[in-house]
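Given next are the chains, with one letter for each unit.
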Amino acid sequence: MREHYDQLFDQISAALDFDCDLTIELISHRFTPGSKQVLQSWYPNSQLDLDEQGRVIKRNKFGGIKYVYDGNTMKTLKRYFEQQIARRLPNAKILYWT
C-alpha cells in the first residue's frame, strides 16, 4: 500500500513544483455502523477495509460510535505521512491529524 502513496506523493510533488501556500489535513479512515451500511450498498464490490474486528471503538459525547485504527497503527500512519510531506512538500503546513 505504501508504494501507492509514494506514487501519489510523487505526483503531488511534481504538480506543485512552484511556490504556493499549501496546507494539508490528514484524516485516517474511520467509519460508523451507518456509514458502513451505506458504503456497502453503494459500492458492493469495494475492497475498502470495513472490518470492525481490526479496529477500536471510539465514542462521541452523544453515545455514537465509530471504528478507528488502534493507537499503534495511528502512530505509524502519522509518522509515515509526516515524513513523506516533509520530504516532498517541505513548505506545506499540516493543519491536523485525526
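Residues numbered from 1 in each chain as written. Predicted model: local features only at pLDDT ≥ 70, side-chain atom pairs only at ≥ 80, totals over all residues. Heavy atoms only, no water.

## Overview of the overall build of the protein chain
Stated formally: In this text, helices come from DSSP runs of H or I with a minimum length of four residues, and strands from runs of E with a minimum of two, each type numbered from the N-terminal end. Only the C-alpha atoms count toward the radius of gyration. The rule for a globule is 2.2 Å times the residue count to the power 0.38. Accessibility here uses a 1.4 Å probe with only protein chains present; expressed as a share of the type maximum, an area under 20% marks a residue as buried, one over 50% as exposed, and anything in between as partly exposed. Here, residues are in contact when the closest pair of their heavy atoms is within 4.5 Å. Surface accessibility follows the Shrake-Rupley procedure with a 1.4 Å probe radius. Residue values consider only the protein chains on display as shielding.
Check the secondary structure of the protein chain and you find three helices and four strands. In sequence order, the protein chain lays out its α and β elements as α-β-α-β-β-α-β. In summary, the protein chain has a C-alpha radius of gyration of 16 Å against a globular reference of 13 Å for 98 residues, an excess of more than 25%. Taking the principal axes of its C-alpha atoms as reference, the protein chain extends roughly 45 × 30 × 25 Å. Residue burial in the protein chain is summarised as follows: out of 98 residues, 19% are buried. For the protein chain, restricting intrachain contacts to residue pairs at least 6 apart in sequence, the fraction spanning at least 24 positions comes to 61%. Here the protein chain displays about 7500 Å² of accessible surface, and carbon together with sulfur accounts for 51% of that area.

## A few points about the side chain of Arg55
Stated precisely, the cut-off is as follows: In the analysis that follows, any N or O atom pair within 3.5 Å is treated as a polar contact, provided that within protein one partner can donate a hydrogen and the other can accept it, and provided that, for residues neighboring in sequence, both atoms belong to side chains.
With respect to the helices, strands and loops of the structure, Arg55 is situated in the loop between helix 2 (33-42) and strand 2 (56-59). A distance of 3.4 Å separates a polar atom in the side chain of Arg55 from the backbone oxygen of Asp49. Apart from residues lying up to four places away in sequence, Arg55 is in contact with His29, Arg30, Phe31, Asp49, Tyr67, Val68 and Tyr69.

## Describing the nonpolar core
Threshold: Note on terminology: a nonpolar core comprises buried Ala, Val, Leu, Ile, Met, Phe, Trp, Tyr and Cys residues joined through side-chain atoms within 4.5 Å.
Among the nonpolar cores identified, the biggest contains nine residues, and these are Phe9, Leu22, Ile24, Leu26, Tyr80, Phe81, Ile85, Leu89 and Ala92. Per-element tally for this core: the top contributor is helix 3 (residues 71-88), with three residues. Once residues lying within four places of it in the same chain are set aside, the contact partners of Leu22 are Leu16, Leu89, Asn91, Ala92 and Lys93.

## Looking at the packing of helix 1 (residues 2-15) against helix 3
Selection criterion: A fitted line through C-alpha atoms serves as each axis, taken over the contacting stretch for helices, and the angle formed by two N-to-C directions is quoted from 0 to 180°. Orientation is classified from the angle alone, with under 35 degrees giving roughly parallel, over 145 giving roughly antiparallel, 65 to 115 giving roughly perpendicular, and any other angle giving oblique. In a left-handed crossing the near helix is turned counterclockwise from the far helix by less than a right angle, and in a right-handed crossing that turn is clockwise. For this classification, Asp, Glu, Lys and Arg are treated as charged, while Ala, Val, Leu, Ile, Met, Phe, Trp, Tyr, Cys and Pro are nonpolar and the rest, including Gly, are polar.
Close contact between helix 1 and helix 3 brings their axes to 10 Å; oriented N to C, the two are set at 30°. Between helix 1 and helix 3, the angle is such that the two are roughly parallel. For helix 1 against helix 3, the interelement crossing comes out right-handed. Listed contacts from helix 3 to Arg2, Tyr5, Asp6, Phe9, Asp10 and Ser13 of helix 1 are Thr76, Tyr80, Phe81, Gln84, Ile85 and Arg88. Residues belonging to the contact of helix 1 with helix 3 are distributed by class as follows: five nonpolar, three polar and four charged.

These figures come from the coordinates and say nothing about function on their own.
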